[in-house]
Amino acid sequence: MENRPAPSVSSDRVRPTTVIGGAELFAGLFDMDAQAAIVSDLRAVVAAAPLFSPLTPWGKPMSVRMTSAGKYGWFSDRNGYRYSEHHPDGQSWPPIPARILALWHRLVSDERDPDCCLVNFYGEGARMGLHQDRDEADFRWPVLSVSLGDDARFRIGGTVRGGKTESVWLRSGDVLVLGGAARLAYHGIDRIAPGTSTLLPKGGRINLTLRVVD
Ligand code: MD6
Ligand code: FE
């Protein structure tokens, strides 16, 4: 019998379940056990780099609490949005958990690792206004996002403010990739649906976004 070569990485690549506003949605990519393992990784991240509420450039605290892992963390205050190599308390950010890096390798690339994993925590009533992710140097790299915990209404439009938008519920274990023409699409979270997941003991939602920054 013929000796077949090992399957290539690309033939193992998972396919998106839906494309919404140009973003690829991989619904239910992580099962409950995998979600719980990621949450336990994140407990270590939050222990080293506690969640904080960034101030908008207008001086109002965001309703979403944040922290980061990796070389850079995303940060905002009265001086604007930017990446920083330090937590507001002064320490370096903890490393990106291996399980999260493995997802990037699986869906995006082995060529280079992301250098920021932004961790967003939404309690009841938290939301995120329509925005573009444009503080990174090279928009050829996509932004990959993981949803954990309560369901969230995600809205996505085009690359100019005020155009038509589409919405989808993001559920625990879903992964979304914003790349290509959708990389600079306006997007946000209208609201979360409290009590829709039992993953986090006190409820709420966590969103992770992986980015190549410089
Ligand atoms: C969130 N997500 O799901 C907010 N950004 O809580 C984002 O802002 C986001 O899902 C870039 C790429 C994918 C995203
Ligand atoms: Fe974003």
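Everything below is about the structure printed above this text.
Remember, predicted model here, so these are calculated numbers, not experimental data.

Draft legend 1. Region of the structure containing the site of ligand 1. Around ligand 1 lies a shell of 13 residues, among which Tyr 122, His 131, Ser 145, His 187 and Arg 205 are the nearest. One nitrogen or oxygen atom from the side chain of Tyr 122 is found 2.4 Å from an oxygen atom belonging to ligand 1. Isolated, ligand 1 exposes 340 Å² of accessible area, and the fraction of that covered by the protein chains is 99%. Tallying contributions element by element places strand E13 (residues 205-211) first for the shell around ligand 1, with three residues. Residue classes in the shell around ligand 1 are distributed as six nonpolar, five polar and two charged.

Draft legend 2. Summary view of the sheet that holds strand E9 (residues 151-156). Taken in spatial order, the four strands of this open sheet run E7-E12-E9-E10, and their pairing is antiparallel. Looking at strand neighbours, the two that pair on one side only are strand E7 (128-131) and strand E10 (166-170), the edges of this open sheet. On average, each strand axis in the sheet is inclined to that of its neighbour by 20°, with strand direction left out of account. Sheet topology places E9 next to strand E12 (residues 187-193); six bridges connect them, and they run antiparallel. By the bridge assignment, Ile 156 is partnered in E12 with His 187.

Draft legend 3. Just the side chain of Asp 115, in detail. Position of Asp 115 relative to the elements: it lies in the loop between helix H3 (98-107) and strand E6 (116-122). Look at Asp 115 and you get buried, because its relative accessible area is 8%. Those residues in contact with Asp 115, other than ones at most four positions away along the chain, are Ala 69, Gly 70, Lys 71, Tyr 72, Ile 96, Arg 211, Val 212, Val 213 and Asp 214.

Draft legend 4. Seen up close, the coordination of the iron ion (ligand 2). Those protein atoms acting as donors to the iron ion (ligand 2) are His 131 (NE2), Asp 133 (OD) and His 187 (NE2), and they sit at 2.1 to 2.2 Å. In primary-sequence terms, the residues that donate to the iron ion (ligand 2) follow H-x1-D-x53-H. Here the residue Asp 133 occupies a position in the loop between E7 and strand E8 (143-149), and His 187 occupies one in strand E12, the gap between them amounting to 54 residues. Residue class for Asp 133 comes out buried when judged on its relative accessible area of 8%.

Draft legend 5. Expanded view of the packing of aromatic side chains. Evaluation of the coordinates by the stated rule reveals five aromatic pairs. Consider the rings of Phe 52 and Phe 75, whose centres lie 6.1 Å apart with planes at 45°: the pair is tilted. Of this pair, Phe 52 sits in the loop between helix H2 (32-48) and strand E3 (65-69) while Phe 75 sits in strand E4 (residues 73-77); the two residues are 23 residues apart in sequence, bridging distant segments of the chain. Taken individually, Phe 52 and Phe 75 each receive the classification buried, so the pair is uniform in this respect. Ring pairing ties together the aromatic residues Phe 52, Phe 75 and Trp 93, which thus form one cluster. Sitting over the face of the ring of Tyr 122, Arg 205 holds its NZ or CZ atom 5.1 Å from the ring centroid.

Criteria and cut-off values
Residues numbered from 1 in each chain as written. Chains lettered and ligands numbered in written order. Predicted model: local features only at pLDDT ≥ 70, side-chain atom pairs only at ≥ 80, totals over all residues. Heavy atoms only, no water. Near = heavy atom within 4 Å. Polar contact = N/O pair within 3.5 Å; in protein donor to acceptor, adjacent residues only side chain to side chain. Areas by Shrake-Rupley, 256 points an atom, 1.4 Å probe, with all protein chains shown as cover. Helix = DSSP H or I, 4+ residues; strand = E, 2+ residues; numbered from the N terminus. Nonpolar A, V, L, I, M, F, W, Y, C, P; charged D, E, K, R; others polar. Pairing = 2+ DSSP bridges. Axes fitted to C-alpha atoms, helices over the stretch in contact; angles between N-to-C directions. Buried < 20%, exposed > 50% of the residue type's maximum accessible area, 1.4 Å probe, protein only. Contact = heavy atoms within 4.5 Å. Donors = N, O, S within 2.8 Å, 3.2 Å for Na, K, Ca; no water. Phe/Tyr/Trp six-rings, centres within 6.5 Å; stacked < 30°, edge-to-face > 60°. Lys NZ or Arg CZ within 6 Å of the ring centre and 35° of its normal.

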